[in-house]
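# Descriptive structure summary
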Amino acid sequence: MVIFLSKFRRIVTTYRRSLHPIRHGILFSCNIHSLVEITSRKIIKPSSPTPHHNRFLKLSLLDQLIPSTLTATIIWLYKNPNGSNFAAETSETKSERLQESLSKALVHFYPLAGRLKSPALVECNDEGAHFLEARVNCQLSDFLKQPDIKLLTNFIPDNDPKTAQEALGSVLLFIQISVFNCGGIVVAASPSHKLADGTSLHTFMRTWAAINCEDRVLGAQLGPPEFTGGSLLPPRELSLPSINASMEIQSLTTRRLVFDISKIASLKSNNGGVVQTFIPSNINLVLAIILKCSIAASRHFKPESWMRPMVLTQMISLRRSIVPEILENVMGNWFWSHPLLFKENETELHELVSKMMQGLTDFRAKKANRFKGEEGFLVVSESQRERADLYKRNKGLYGFWATSLCKLPLYEIDFGWGKPAWVTSPGVRKNLILLADTKQHDGIEAWVTLDEQEMAIFECDPDLLAFGSVNPSISLG
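Per an unreviewed UniProt entry, the chain carries the name BAHD acyltransferase and comes from Pyrus ussuriensis x Pyrus communis. Within the UniProt record for the chain, the comment given under Sequence similarities (unreviewed entry) is "Belongs to the plant acyltransferase family."

This is the structure in structure tokens:
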């Protein structure tokens, strides 16, 4: 029986790949790494020195908890500009302009040019950001027909082995500029997660882009960044309980899905009565669909998982919950990873949505506004203990992680070449779900990473395909 199932799965996988040749990377049938060639590695320093009184920056308690090697990466892809003030510039000139404007931006965002000295301390010594240039040996339009995750990850600077070996864990900003044969440009920014959440990265990119395209009006409107996390929520000596949440080493597959908002909206009026108490957001509905189909795929291959509870850890923003509100120009990490336990039989869409909405409401009412001052340390310690207890009480938990960039105006980043054709932030970690808005705000893009066998079932689930499509083309318009 085991041999039969193994052969059956191979046949199904081979058949499905024959139906979707581009989706599975046959469009780029050569070695993916040969398509992206790193042409230079540079260090970009601030255009003027950081004042001595800003030499050391104390990070917040939330920043302190972030692993030193974790980066927050977003990728912007631009078509070759026509008719802009910078259309006539060569790729080399564009790169030189980007380096010069980055140097000016680092004067304001000076900690990003420093070095991490301890889990909660940055030395703002102006040693600089790592800046990589690369050549992409294909056309942007071909790549966007159905983007290949393996090629996409080669645009991420800290994935470059030499750069990672030399700098990951101490350098606080990585930038990579990749140029397609057609002149299309990729700008990938990877600041250390110690210094930046998604909102902070967006704030930095807006400033850099405004400087690059000499938009003085926008630059004046943005205002200076603030690095006040260490005073709002000071770091502390921590003795955190250990959590046994290790994962099996296995083959993983990442897929991009795009969910149609108009189809998702229809669920709000037909969701098992949930709307009588809650109005589910599009984000929670998309997340619930992904979870439902992921659980079904897991149980197809692992019947024993029917007896295992599931925990969903969501990254919840604290910025609007803390009083006074943490504004966008306040750098650092202002989110909390909140775990939510689902029982073995809580797998229906309305159950998943209801539990997520109730969990979010409870967290915001009881904890979200407490992440400041002395009380912030107490709520962090309390939450860490509760998380450890959750894993101890529920043996054999299998977990999902979800984070969202939705509602961030990422498509407004204009370096002088027009708005980007695509903005994305792929993540490759087992059971990770990463959501972002589409360019026209008519859909939600999701990157989902699952076990390879589970993904083969997941991406063919009719309940999934009723609302979303797998790796659709992206328009250059």
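This part covers helix H4 (residues 91–108). Helix length check: H4 (18 residues) gives 26 Å between terminal C-alpha atoms against 26 Å at 1.5 Å per residue, within 8%. Along H4, the residues classified as buried are Lys94, Ser95, Leu98, Gln99, Ser101, Leu102, Ser103, Ala105 and Leu106.

Our next topic: the sheet that holds strand E9 (residues 252–260). Across the sheet, seven strands lie side by side as E11-E10-E12-E14-E15-E9-E16; this open sheet has mixed pairing. Looking at which strands have only one partner, the edges of the open sheet turn out to be strand E11 (335–342) and strand E16 (468–470). Strand-to-strand twist in this sheet, taken as the mean axis angle between neighbours without regard to direction, amounts to 25°. Pairing geometry for E9 and E16, over three bridges, is antiparallel. Looking at the pairing, valine 258 lines up with serine 469 of E16. Across the face of the sheet, helix H13 (residues 349–366) comes into contact with strand E10 (310–317) and E11 while running at roughly 135° to E11.

Further remarks concern the pattern of salt bridges. For the structure on display, the rule yields 20 salt bridges. In this structure, the salt-bridge partner of glutamate 445 is arginine 256, at a minimum N-O distance of 2.9 Å. Linking glutamate 445 in strand E15 (residues 443–451) with arginine 256 in strand E9, this pair joins segments that are 189 residues apart in sequence. Several salt bridges converge on common partners, so that one network encompasses Lys367, Arg370, Glu375, Glu382 and Glu386.

What follows concerns the sheet that holds strand E13 (residues 422–424). With respect to topology, six strands assemble into an open sheet ordered E1-E6-E7-E8-E3-E13, the strand pairing being mixed. Strand pairing shows two members of the sheet lacking a second neighbour, strand E1 (36–44) and E13, which therefore form its edges. Neighbour-to-neighbour, the strand axes of the sheet open up by a mean angle of 15°, direction not taken into account. In terms of strand pairing, strand E3 (residues 74–78) meets strand E8 (residues 185–191) through five bridges, oriented antiparallel. Across the sheet, the residue bridging to leucine 77 is valine 186, located in E8. Contacting E1, strand E6 (129–136), strand E7 (173–180) and E8, H4 crosses the sheet at an angle of about 160° to E6.

Here the focus is the packing of aromatic side chains. Enumeration over the complete set of coordinates arrives at 14 aromatic pairs. When the centroid spacing of 5.4 Å and the interplanar angle of 55° are considered together, the rings of tyrosine 110 and phenylalanine 227 count as tilted. With tyrosine 110 in the loop between H4 and strand E4 (115–118) and phenylalanine 227 in the loop between helix H9 (216–222) and helix H10 (229–232), this pair connects stretches of sequence that are 117 residues apart. Residue tyrosine 110 is classed as buried on the basis of its relative accessible area of 15%. The interplanar angle of 65° and the centroid separation of 5.9 Å between the aromatic rings of tyrosine 398 and phenylalanine 400 together place this pair among those described as edge-to-face. The exposure class of phenylalanine 400 is buried, given its relative accessible area of 2%. Each residue in the set Tyr78, Phe109, Phe204, Trp208, Phe415 and Trp417 is aromatic and connected to the rest through ring pairs, giving one cluster. Its guanidinium or amino end placed over the ring of phenylalanine 342, lysine 355 lies 5.4 Å from that ring's centre, counting from NZ or CZ. Looking at arginine 429, its charged tip hangs above the ring of tryptophan 401, at a distance of 4.2 Å from the centre.

Scoring rules and cut-offs
Residues numbered from 1 in each chain as written. Predicted model: local features only at pLDDT ≥ 70, side-chain atom pairs only at ≥ 80, totals over all residues. Heavy atoms only, no water. UniProt positions renumbered as here; feature names shortened; annotations may be inferred. Helix = DSSP H or I, 4+ residues; strand = E, 2+ residues; numbered from the N terminus. Expected span 1.5 Å × (residues − 1). Buried < 20%, exposed > 50% of the residue type's maximum accessible area, 1.4 Å probe, protein only. Pairing = 2+ DSSP bridges. Axes fitted to C-alpha atoms, helices over the stretch in contact; angles between N-to-C directions. Contact = heavy atoms within 4.5 Å. Salt bridge = Lys/Arg side-chain N within 4 Å of Asp/Glu carboxyl O. Phe/Tyr/Trp six-rings, centres within 6.5 Å; stacked < 30°, edge-to-face > 60°. Lys NZ or Arg CZ within 6 Å of the ring centre and 35° of its normal.

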